[in-house]
Amino acid sequence: MTTTLEAIYEHGIFKPISSVPAMLRENEKVRIIIETDIDRELENEFTEWETASDIDLLSFERKLKVAK
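In this text the structure is predicted, and so the values were computed from the model without any measurement. (Residues numbered from 1 in each chain as written. Predicted model: local features only at pLDDT ≥ 70, side-chain atom pairs only at ≥ 80, totals over all residues. Heavy atoms only, no water.)

*Asks:* I tried to follow the overall build of the protein chain on my own but got confused; where do I start?
*Replies:* Per the secondary structure count, the protein chain includes 2 helices and 2 strands. On C-alpha atoms alone, the protein chain measures out to a radius of gyration of 21 Å, which is more than a quarter above the 11 Å that the 2.2 N^0.38 rule sets for 68 residues. A principal-axis box enclosing the C-alpha atoms of the protein chain has dimensions of 60 × 25 × 15 Å. When each of the 68 residues of the protein chain is scored for burial, the buried share is 0%. Of the accessible surface of the protein chain, which amounts to about 7,200 Å², a share of 53% is contributed by carbon and sulfur atoms. Put simply, the protein chain has 9 plus and 15 minus side-chain charges, and the middle of one group is 7 Å from the middle of the other. (Helix = DSSP H or I, 4+ residues; strand = E, 2+ residues; numbered from the N terminus. Rg over C-alpha atoms; globule rule 2.2 N^0.38 Å. Buried < 20%, exposed > 50% of the residue type's maximum accessible area, 1.4 Å probe, protein only. Areas by Shrake-Rupley, 256 points an atom, 1.4 Å probe, with all protein chains shown as cover. Lys, Arg positive; Asp, Glu negative; His and termini not counted. Charge placed at Lys NZ, Arg CZ, Asp CG, Glu CD.)

*Asks:* I would appreciate a short explanation of a negative patch on the surface in the present structure.
*Replies:* On the surface, Asp-39, Glu-41, Glu-43, Glu-45 and Glu-48 cluster together to form a negatively charged patch. Turning to its location among the elements, Glu-48 is positioned in helix H1 (residues 40–51). (Patch = residues over 30% accessible without salt bridge, like charges linked within 9 Å, V, L, I, M, F, W, Y side chains within 5 Å. Salt bridge = Lys/Arg side-chain N within 4 Å of Asp/Glu carboxyl O.)

*Asks:* Quick question: what am I supposed to make of the pattern of salt bridges here?
*Replies:* For side chains bearing opposite charge, pairing can occur when the charged atoms are close. By the definition in use, this model includes 1 salt bridge. Ionic pairing is found between Lys-15 and Glu-10, a salt bridge with its closest N-O pair at 2.8 Å. The class of Glu-10 is partly exposed, set by a relative accessible area of 34%.

*Asks:* Teacher, can you tell me more about unusual backbone geometry here?
*Replies:* In most cases, non-glycine residues show a negative phi, while peptide bonds are predominantly trans. The residue His-11 is not glycine, and still its phi comes out positive at about 55°. Assignment of secondary structure puts His-11 in the loop between strand E1 (7–10) and strand E2 (13–16). If you check the backbone angles, Asn-27 has positive phi at about 65° while not being a glycine. Inspection of the secondary structure assignment puts Asn-27 in the loop between E2 and H1. Asn-27 sits in the exposed class, given a relative accessible area of 77%.

Structure representation (structure tokens):
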């Protein structure tokens, strides 16, 4: 069986937001695939760009031109 269930991760435990399918038995082993709404890597890149100085940005632009 495959189903999608939204949950919140809180204090080390995944807590379902929507109802759990009735066919799921108590203590049944399941596989959880985690997909977040936030792309952490992209978020980190934005933070780096926002905090970078003009000198850092010029240096980065030069590296990009050399790499092409």
